[in-house]
Amino acid sequence: MTTALLLRPTLYEETVPGGGHTSFVLKRGQLLRITDLEGGANVSLLLFNAAEKSERLNLPDTLKCQHTAKLTGGHCLYSDMGKVLAAITADTCGWHDSFGGVLNADEVLEKYGQGRYQELRNGFFRNGMDNLLVEMGKWDLNLLDLLMNLNLFSRVDVDADGAFHFQPDNSKAGDYIELYAPMDCLVVLTALQHPMDPNPQYAPKPVQLTWSKVDSDGITVLCRTSRPENGRGFHNTERQYL
């Protein structure tokens with residue numbers, strides 16, 4: 001744990017094992033730190049407005065309005081209503097992928113082979129689509145609500161011909177990203193390998209989640225000022241609390 005986090009009141013911590021999944025409401029004014037414990041982790045992430053779950057993360061708008069093809073510190077994660085669901089207030093990894101999506105059960109079988117519960121028990125091979133749907137079901141969401149996800153800790157480059165290239169070892173042990181919530185935000189995530197990860201072995205890595213309470217005015221300055229659009233996005237978000 002870094003000095004910066006030690007100076008904040010930690011509300012709660014938990015570890016998501018490799019292959020695991022979870023969901024929760026990150027409350028307005030809270031900060032979530034997601035830490036890659038071993039290096040080489042990937043976290044597939046979905047975000048929703050907790051008060052109105054038909055409003056959710058819109059990655060095309062997120063990239064377009066910030067003029068970027070990667071996401072890192074100083075960027076915001078936008079809803080389809082032009083509001084900031086979460087702001088990336090700190091990031092030691094430097095690049096998070098918004099193109100790769102997740103694998104379904106058939107794709108996991110094709111890539112990694114048979115990994116059934118009957119033989120492997122809790123070590124059975126999971127897939128991102130089912131993991132996310134399990135968590136979404138707890139909040140009365142279903143397959144129709146499963147849209148584009150963000151893959152934290154992974155990097156995918158796009159060459160001049162438009163081809164995608166996965167970059168191994170993008171994240172090191174101890175790398176983290178911090179997400180500040182300017183609204184109550186439903187977070188749904190799973191810790192599974194990126195679909196383009198060339199490792200032929202099923203070997204998802206664990207991550208740590210840490211919640212803390214912070215001063216919003218100071219911690220969001222970089223995100224608010226990095227793009228004029230972000231200032232307007234925060235304004236749109238804050239209007240609902242007037």
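Residues numbered from 1 in each chain as written. Predicted model: local features only at pLDDT ≥ 70, side-chain atom pairs only at ≥ 80, totals over all residues. Heavy atoms only, no water.

A. Quick peek at the pattern of salt bridges. Per the stated rule, a full pass over the model turns up 9 salt bridges. Salt-bridge contacts for glutamate 178 lead to arginine 33; the nearest nitrogen and oxygen are separated by 2.5 Å. One end of the pair, glutamate 178, is in strand β10 (residues 176–180); the other, arginine 33, is in strand β3 (residues 30–36), and 145 residues separate them in sequence. Residue classification places glutamate 178 among the buried positions, given a relative accessible area of 1%. On the basis of relative accessibility, which here comes to 3%, the residue arginine 33 falls in the buried class. In this structure, glutamate 119 and arginine 116 form a salt bridge, with 2.5 Å as the shortest nitrogen-oxygen distance. When its relative accessible area of 37% is taken as the criterion, arginine 116 is described as partly exposed. (Salt bridge = Lys/Arg side-chain N within 4 Å of Asp/Glu carboxyl O. Helix = DSSP H or I, 4+ residues; strand = E, 2+ residues; numbered from the N terminus. Buried < 20%, exposed > 50% of the residue type's maximum accessible area, 1.4 Å probe, protein only.)

B. Here's a closer look at the side chain of serine 44. Mapping serine 44 onto the fold places it in strand β4 (residues 43–49). A distance of 2.7 Å separates polar atoms of two side chains, one belonging to serine 44 and the other to asparagine 151. When near neighbours in sequence (up to four residues on either side) are disregarded, serine 44 contacts Gly101, Val102, Leu132, Asn149, Leu150, Asn151, Val188, Leu189 and Thr190. (Polar contact = N/O pair within 3.5 Å; in protein donor to acceptor, adjacent residues only side chain to side chain. Contact = heavy atoms within 4.5 Å.)

C. The pairing of β4, seen in detail. The buried fraction of β4 amounts to 7 of the 7 residues, a majority that puts the element mostly inside the structure. Residues Val43, Leu45, Leu47 and Asn49 line one face of β4 and the alternating positions Ser44, Leu46 and Phe48 line the opposite face, and both faces are buried. Note that β4 and strand β11 (residues 185–191) share 7 bridges and pair antiparallel. Of the residues in β11, the one forming a bridge with asparagine 49 is cysteine 185. (Pairing = 2+ DSSP bridges.)

D. Spotlight on the sheet that holds strand β7 (residues 150–152). In spatial order, the strands read β2-β11-β4-β7; together these 4 strands make up an open sheet with antiparallel pairing. The sheet is open, and its two borders are formed by β2 (21–26) and β7, each paired with just one other strand. For this sheet, the mean inter-axis angle between neighbouring strands, taken without regard to orientation, is 30°. Looking at chain direction, β4 and β7 are connected through 3 bridges and run antiparallel. Along β7, the bridge assignment pairs serine 44 with asparagine 151. Helix-sheet contacts for helix α5 (residues 128–137) involve β2, β4 and β11, and the interaxial angle to β11 is about 145°. (Axes fitted to C-alpha atoms, helices over the stretch in contact; angles between N-to-C directions.)

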